[in-house]
Amino acid sequence: MGSLGNAHVEADGCLLHRSLVEKPAIVDSAEGVNLYLSDGRTILDACGGAAVALIGHGNQEVNQAIIDQIQKVSYVHTQSYTTQSAEDLANFLLQGRPHGLEKAFFVGSGSEAVESALKLARQYYFERGQPDRLHIVSRRQCYHGNTVATMSISGNLSRKVPFANFCYPNTSQVSPAYSYRYMLPGETQTQFTRRLLQELEDEFLRVGPANVLAFVAEPVAGAVAGCVIPPPGYLAGVRALCDKYDILLILDEIMCGVGRTGSFFAFEQEGDVVPDIMTVAKGLGGGYSPISGVFVHRKVVNVLKQGSKAFNHGHTYQAHPISCAAALAVQKIVRRDNLIPRCAEMGKRLENILRAELKDCWSVGDIRGRGLFWAVEFVKDRDTKETFCPSLHFGIRVQQAAFERGLAIYPGVGTVDGYRGDHILLAPPFTITEDQLRLACRVLRISIETQEVLLS
Ligand SMILES: *Cc1c(COP(=O)(O)O)cnc(C)c1O
């Protein structure tokens, strides 16, 4: 991501940054929605990093819970031991076994969670005596991670270029459920849904359903295409197709889950849909600890129980006690303070403010999202939806202009097809106030206008 130069980073330090030439700003401290930089500037964090900071930064209760855990025990190996903090986190998240999800597996990052979910799906069919199931279907313009297998099913094309022959081979991709770009002229939402489902069914049949392991999708597509809400009936239709062909449905809620769209599970707003396996991460620890989770449906657990009686997969740092204690503290605050209903309510206000503020920006083609998860997609021409030339880096320029004015937003490029298109994403902490949302939207408008002026 394009970060601004900062004199405080040593020119030839040993840390490998994302860029070998650009130097990110140093953050000295952070509190609530603000980041305090070493050069004295304050940044309003309207994207929570990458939709991570669920309850804002520097929460004293979470900090205390982390200290309390360290003073008890900071590490055990899960082959021989467990800890109360890991047990409590799983029981808290899956209290009442919501939607039949009855087991939680914790690892460190989103990629590890998706990788674990894929291996779990594979083991499920292996134990059912169907070893030919190797193929994974996902969608273009999705993101599922950066490890080899998760990258192989992701649609983030520019990130994959150097790794073209360094992939898990048994994958294919169908169209994203992305109305603004992929609905045909004159097509209704219902017809669009039907066409997408037909395409998915055709793909299952082309590969041979008995060879397919899973269909993997983000209920609300996050970073690559920017907060894309599927058309009504789409996800329920996907569930029905997976049932028809006995294919596992893996929902990746790493960015959109844990309340971000206004319900704990993003799929809960999509009708009759329950995943067989799902993943959460970014908001789970709210940035206080690296932690991700795989939630497993009874249907999958039972096959393992009747078979090998073990998940044949593990990591040294799985269910890490400090990470689990931090995530538990974050999630308890979210529940106690009713922050998910607050997210839904503030999300409606954010939508209104955003639409009003940006209505005269000619480069704003689409504003979309749900809860406190919103994207603005940029176009060169609103009528034709023509994109800016990718070399202009329009979205990154808007992000940089906003950063210069003290606002952090999350840019995305290749929105449309991996190469063309620009968007920015807003995903503030659920604790943000209406005044702070107004300020963020005003600074965003000004930042967009400065880039529009440069082009006209
Ligand atoms: C961020 C993200 C991942 C990868 O998570 P990491 O922690 O960066 O490995 C996977 N899936 C989705 C939907 C994401 O947004």
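Conventions we followed
- Residues numbered from 1 in each chain as written.
- Predicted model: local features only at pLDDT ≥ 70, side-chain atom pairs only at ≥ 80, totals over all residues.
- Heavy atoms only, no water.
- Helix = DSSP H or I, 4+ residues; strand = E, 2+ residues; numbered from the N terminus.
- Rg over C-alpha atoms; globule rule 2.2 N^0.38 Å.
- Buried < 20%, exposed > 50% of the residue type's maximum accessible area, 1.4 Å probe, protein only.
- Near = heavy atom within 4 Å.
- Polar contact = N/O pair within 3.5 Å; in protein donor to acceptor, adjacent residues only side chain to side chain.
- Nonpolar A, V, L, I, M, F, W, Y, C, P; charged D, E, K, R; others polar.
- Pairing = 2+ DSSP bridges.
- Axes fitted to C-alpha atoms, helices over the stretch in contact; angles between N-to-C directions.
- Domains from an automatic or database assignment.
- Contact = heavy atoms within 4.5 Å.
- Buried area = accessible area lost by both parts, 1.4 Å probe.
- Salt bridge = Lys/Arg side-chain N within 4 Å of Asp/Glu carboxyl O.
- Lys, Arg positive; Asp, Glu negative; His and termini not counted.
- Patch = residues over 30% accessible without salt bridge, like charges linked within 9 Å, V, L, I, M, F, W, Y side chains within 5 Å.
- Areas by Shrake-Rupley, 256 points an atom, 1.4 Å probe, with all protein chains shown as cover.
- Left-handed = near helix turned anticlockwise from the far one by under 90°.
- Phe/Tyr/Trp six-rings, centres within 6.5 Å; stacked < 30°, edge-to-face > 60°.
- Lys NZ or Arg CZ within 6 Å of the ring centre and 35° of its normal.

Each helix and strand counted, the protein has 14 helices and 15 strands in total. What you see for the protein is a C-alpha radius of gyration of 22 Å, in line with the 23 Å of a compact globule of 456 residues. In terms of principal-axis extent, the alpha carbons of the protein reach across some 65 × 60 × 45 Å. Per-residue burial for the protein yields a buried fraction of 55% across its 456 residues.

Take the site of the ligand next. Inspection of the region around the ligand gives Ser109, Gly110, Ser111, Tyr143, His144, Gly145, Glu218, Asp252, Ile254, Met255 and Lys282 as its neighbouring residues. Within the backbone of Gly110, one N or O atom sits 2.8 Å away from an oxygen atom of the ligand. One of the side-chain nitrogen or oxygen atoms of Ser111 is found 2.6 Å away from an oxygen atom of the ligand. For the shell around the ligand, a count of residues per class yields 3 nonpolar, 5 polar and 3 charged.

The strand order across the open sheet formed by 4 strands is E11-E12-E15-E14, and the pairing between neighbours is antiparallel. Both outer strands of the open sheet, strand E11 (364-369) and strand E14 (410-413), are each paired with one neighbouring strand and no more. Ignoring which end each strand starts from, the neighbouring axes of this sheet average 20° apart. Relative to strand E15 (residues 422-426), strand E12 (residues 374-378) is paired through 5 bridges, and the arrangement is antiparallel. Of the residues in E15, the one forming a bridge with Val376 is Ile424.

With that out of the way, let us pick up the pairing of strand E4 (residues 101-107). By the criterion of burial, E4 is predominantly enclosed, with 5 of the 7 residues buried. Both E4 and strand E10 (residues 292-297) contribute to a ladder of 6 bridges, which runs antiparallel. Within the sheet, the bridge partner assigned to Phe105 lies in E10 and is Val294.

Taken as a whole, the protein is organised into domain 1 (27-45 + 338-455) and domain 2 (62-336). The C-alpha centroid of domain 2 is placed 26 Å from the C-alpha centroid of domain 1. Residue-level contacts link 33 residues of domain 1 with 32 residues of domain 2. Regarding the contact of domain 1 and domain 2, the summed buried area is about 2600 Å², with carbon and sulfur atoms giving 57% of it. Counting the surface domain 1 buries against domain 2, the share from its top three residues, Ile340, Arg370 and Phe373, is 29%. Taken together, the connections running from domain 1 to domain 2 amount to 2 salt bridges. Across the salt bridge formed by Glu270 and Arg370, the nearest N and O atoms sit 2.8 Å from each other.

Bringing the side chain of Glu452 into the picture now. One can find Glu452 in helix H14 (residues 434-455). Buried charge Glu452 goes without a salt bridge, the closest partner of opposite sign being Arg382 at 7.0 Å. In this view, Glu452 contacts Cys361, Trp362, Ser363 and Phe394; residues no more than four positions away in its chain are not counted.

The subject of this paragraph is a nonpolar patch on the surface. A surface patch of nonpolar side chains, amounting to about 400 Å² of accessible area, comprises Leu16, Leu20 and Val21. Turning to its location among the elements, Val21 is positioned in the segment before strand E1 (27-31).

Where helix H2 (residues 60-72) contacts helix H11 (residues 321-336), the two axes come as close as 9 Å, and the packing angle between them is 150°. Of the two elements, H2 crosses H11, and the hand of that crossing is right-handed. Residues Glu61, Val62, Ala65, Ile66, Gln69 and Ile70 of H2 touch H11, and the partners they reach there are Pro321, Ile322, Ala325, Ala326, Ala329, Val330, Ile333 and Arg336. By residue class, the composition of the contact of H2 with H11 is 11 nonpolar, 1 polar and 2 charged.

This part takes up the sheet that holds strand E13 (residues 407-408). One key point about sheets: their strands pair by backbone hydrogen bonds, in either a parallel or an antiparallel sense. Pairing is mixed across the open sheet formed by 4 strands, whose spatial order is E1-E2-E3-E13. With partners counted over all chains shown, the strands left at the sheet margins are E1 and E13, one partner each. Two strands pair when backbone bridges link them, and strand E3 (residues 42-45) and E13 are joined in this way by 2 bridges, in the parallel orientation. From the neighbouring strand, Asp45 faces E13, where its bridge partner is Ala408.

Tallying each qualifying case throughout the model produces 26 salt bridges. Arg195 is the partner of Glu187 in a salt bridge, and the nearest nitrogen-oxygen pair spans 2.7 Å. A residue is classified by how much of its surface remains accessible, and Arg195, at 31% relative accessible area, is partly exposed. Close ionic contact of Asp417 with Arg420 constitutes a salt bridge, the shortest N to O distance being 3.0 Å. Judged by relative accessible area, Asp417 falls into the partly exposed class, the value being 25%. Classification of Arg420 as partly exposed rests on a relative accessible area of 36%. One network of salt bridges, in which partners are shared, links Arg181, Asp366, Arg368 and Glu377.

On to the packing of aromatic side chains. Applying the stated criterion across every chain yields a total of 13 aromatic pairs. Aromatic pair Tyr178 and Tyr182: ring centres 5.6 Å apart, planes at 50°, arrangement tilted. According to the relative accessible area criterion, Tyr182 is partly exposed, its value standing at 23%. Ring geometry for Phe388 versus Phe394: centroids 4.1 Å apart, planes at 15°, classification stacked. For the pair shown, Phe388 and Phe394 are each scored as buried. Through a chain of ring-to-ring contacts, the aromatic side chains of Phe264, Phe265, Phe267 and Phe295 assemble into a single cluster. Across the ring face of Phe92, the terminal group of Arg335 is positioned such that the distance to the ring centre comes to 3.8 Å. Lying over the aromatic face of Tyr180, Lys385 brings its terminal NZ or CZ to 4.2 Å of the ring centre.

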